[in-house]
Amino acid sequence: MFNTVLLTIDLNAKASWKEALPAAIELVRTSGGKLHIMSVVPDMGTPLVDGFFPPDYEKLAVEAASRSLDKLVEENVPSDISVKQHLAFGKIHRRVLHVIEQTACDLVVMASHKPDRVREFLVGSNADRIVRRSPVSVLVVRS
């Protein structure tokens, strides 16, 4: 049914993949497709905030995230599942939308926590932005 499934995760929040990863694995296993797992190291948002971090922050953060992603996949994705990892740096929803296009995936799987109306009003939700702008179906797994 789905040839290519993209799972988006937050490496700092187990809730972002604890239930969503098994769901994505089952979808891929059933269809004989390929699983893509993606995480984004968020940028600082503004040059003012960026100035408080060391100059090599992006490089160090991406290297640490890469190790974490490798470990997560090794420990949690069965060997019979074809998987490709993606790691990006920047605005989460923009990077995810780019990888959706790049991989030509059929489905995006992501976790979303219970909405907090105040936070959502002030800063929005990456999951919401992705759902509204995705050119393919998105399965949101509530954690």
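Before any of the text, the structure's been laid out above.
Residues numbered from 1 in each chain as written. Predicted model: local features only at pLDDT ≥ 70, side-chain atom pairs only at ≥ 80, totals over all residues. Heavy atoms only, no water.

Caption draft 1: Fine view of the packing of helix α4 (residues 92–103) against helix α6 (residues 126–133). Direction vectors running N to C along α4 and α6 enclose 35°, while the axes themselves pass 9 Å from each other. The hand of the α4/α6 crossing is right-handed. Where α4 approaches α6, its residues I92, H93, V96, L97 and I100 are matched on the opposing element by N126, R129, I130 and R133. Split by residue class, the contact of α4 with α6 holds five nonpolar, two polar and two charged. (Axes fitted to C-alpha atoms, helices over the stretch in contact; angles between N-to-C directions. Helix = DSSP H or I, 4+ residues; strand = E, 2+ residues; numbered from the N terminus. Left-handed = near helix turned anticlockwise from the far one by under 90°. Contact = heavy atoms within 4.5 Å. Nonpolar A, V, L, I, M, F, W, Y, C, P; charged D, E, K, R; others polar.)

Caption draft 2: Representation of the pattern of salt bridges in the model. Counting across every chain of the model gives four salt bridges. Notably, a salt bridge pairs R132 with D128, separated by 2.9 Å at the nearest N-O pair. Placement of the pair is R132 and D128 together in helix α6, with a separation of four residues, close to one helical turn. For R132, a relative accessible area of 55% gives the class exposed. (Salt bridge = Lys/Arg side-chain N within 4 Å of Asp/Glu carboxyl O. Buried < 20%, exposed > 50% of the residue type's maximum accessible area, 1.4 Å probe, protein only.)

Caption draft 3: Structural detail: the nonpolar core. One finds V5, L7, I9, L21, L35, I37 and V109 to be the most contacted residues of the largest nonpolar core, which totals 21 residues. Of all elements in the fold, only β1 (4–9), α1 (20–31), β2 (34–42), α3 (57–76) and β4 (107–112) reach the threshold of two or more residues within this core. No other element matches the five residues that α1 contributes to this core. Those residues in contact with L21 that lie beyond four places of it in its chain are L7, L35, I37, L72, N76 and V77. In terms of nonpolar packing, the next biggest core, distinct from the first, is built from 13 residues, L97, V108, M110 and A127 among them. (Core = buried A, V, L, I, M, F, W, Y, C linked by side-chain atoms within 4.5 Å.)

Caption draft 4: The arrangement of unusual backbone geometry in detail. Not every positive phi belongs to a glycine, and A104 is a case in point at roughly 55°. Position of A104 relative to the elements: it lies in the loop between α4 and β4. Exposure remark for A104: the relative accessible area of 53% places this residue in the exposed category.

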